[in-house]
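These are the residues of each chain, in order.
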Amino acid sequence: MTDFPAATQRARVRVPLRFNDGYSVDAELVTFHGLTDGQEHVAVVLGEPAPGALPLVRLHSECLTGDVFGSARCDCGPQLREAVERIAGRGGVLLYLRQEGRGIGLYNKLDAYALQDQGLDTYEANAALGLPEDARDYTAAAQMLAALGITELDLLSNNPDKAEQLRGLGVTVRDRVPTGVFSTAHNVRYLRAKVLHTQHTLPLSELTELNAG
């Protein structure tokens, strides 16, 4: 287990969430004091787990282009929408982490997009810019979970690194629950790269067929 300073809850506020497809749910947004990276991460508390059940938790990295503008170059917006409903139905928390572009920032992410348009995949583009393939650290996420009293959970994610980092930080991840697959002609190369580079649990055969088509 890695030691880290404790964070505390700063404020909690009820916010009704409304999505373009008509889905709506009431959430409680929680802010924090003492997060190690100094970022303004937010916990979105949804529903209430049944007695004895573990909360369903997603670590969702901010994606302005996908979450806000509906970009089809990634699957972030659909994953966010799906996660909110699945967590609300079971009870749990979505941690909205300010880690744009897998931690490299918005401008660098858009620079990487330009390199992807020249044929590089998402990880190769980061490397060409002299940046890490994935710069994310989940210490703040572990702090947030501890401040919320969550020590054991099921993780909604296709990314094995998220589960491994949380376990290394002392969080018990019982199961890693895969998200849906939101593939389009615009993001299939991106999704295939996630499978090949970082072993995301996505159906490579289906993505290869779409890419070939």
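Cut-offs used in this document
- Residues numbered from 1 in each chain as written.
- Predicted model: local features only at pLDDT ≥ 70, side-chain atom pairs only at ≥ 80, totals over all residues.
- Heavy atoms only, no water.
- UniProt positions renumbered as here; feature names shortened; annotations may be inferred.
- Patch = residues over 30% accessible without salt bridge, like charges linked within 9 Å, V, L, I, M, F, W, Y side chains within 5 Å.
- Areas by Shrake-Rupley, 256 points an atom, 1.4 Å probe, with all protein chains shown as cover.
- Salt bridge = Lys/Arg side-chain N within 4 Å of Asp/Glu carboxyl O.
- Helix = DSSP H or I, 4+ residues; strand = E, 2+ residues; numbered from the N terminus.
- Core = buried A, V, L, I, M, F, W, Y, C linked by side-chain atoms within 4.5 Å.
- Buried < 20%, exposed > 50% of the residue type's maximum accessible area, 1.4 Å probe, protein only.
- Contact = heavy atoms within 4.5 Å.
- Pairing = 2+ DSSP bridges.
- Polar contact = N/O pair within 3.5 Å; in protein donor to acceptor, adjacent residues only side chain to side chain.

The chain appears in an unreviewed UniProt entry as GTP cyclohydrolase-2 from Streptomyces sp. R39. UniProt's Pathway (unreviewed entry) comment on the chain is quoted here verbatim: "Cofactor biosynthesis; riboflavin biosynthesis; 5-amino-6-(D-ribitylamino)uracil from GTP: step 1/4." Under the heading Catalytic activity (unreviewed entry), UniProt records this for the chain: "GTP + 4 H2O = 2,5-diamino-6-hydroxy-4-(5-phosphoribosylamino)-pyrimidine + formate + 2 phosphate + 3 H(+)".

Quick look at a nonpolar patch on the surface now. A cluster of nonpolar side chains, contributed by Leu64, Val68 and Phe69, occupies part of the molecular surface with about 310 Å² of accessible area. Along the chain, Phe69 turns up in the loop between helix H1 (64–68) and helix H2 (76–90).

On to the nonpolar core, then. Grouped together as the largest cluster of nonpolar side chains are 27 residues, with contacts concentrated most on Phe32, Ala43, Leu59, Leu95, Leu145 and Leu153. For this core, the secondary-structure elements that each account for two or more residues are strand S2 (24–33), strand S3 (42–46), strand S4 (56–61), strand S5 (92–97), helix H6 (139–147), strand S6 (152–156) and helix H7 (160–168). Examining the composition of this core, we find that 6 residues originate from one element, H6, more than from any other. Among all residues touching Leu153, those that are not within four sequence positions of it are Leu54, Pro55, Val57, Leu145, Val171, Thr172, Val173, Arg174 and Asp175.

This part takes up the pairing of S2. Bridge count for strand S1 (residues 8–18) against S2 is 10 bridges, and the pairing is antiparallel. When the bridges of S2 are listed, Pro16 appears paired with Asp26. A loop of 5 residues connects S1 with S2, the two strands running antiparallel in sequence, and Gly22 in this loop sits at a positive phi of about 100°. Bridge count for S2 against S3 is 3 bridges, and the pairing is antiparallel. When the bridges of S3 are listed, Glu28 appears paired with Val45.

It is worth spelling out the UniProt feature "active site" (unreviewed entry) in the chain at this point. The UniProt record annotates "active site" (unreviewed entry) at Asp134 and Arg136. Position of Asp134 among the secondary structure elements: in the loop between helix H5 (122–128) and H6. Judged by its relative accessible area of 27%, Asp134 is partly exposed. With sequence-adjacent residues up to four places away left out, Asp134 is seen in contact with Arg102 and Asn159. In this structure, Arg136 sits in the loop between H5 and H6. Aside from chain neighbours lying at most four places away, what touches Arg136 is Ser61, Gln99, Arg102, Gly103, Asn159, Lys162 and Gln165. At 3.0 Å, the side chain of Arg136 forms a polar contact with the side chain of Ser61.

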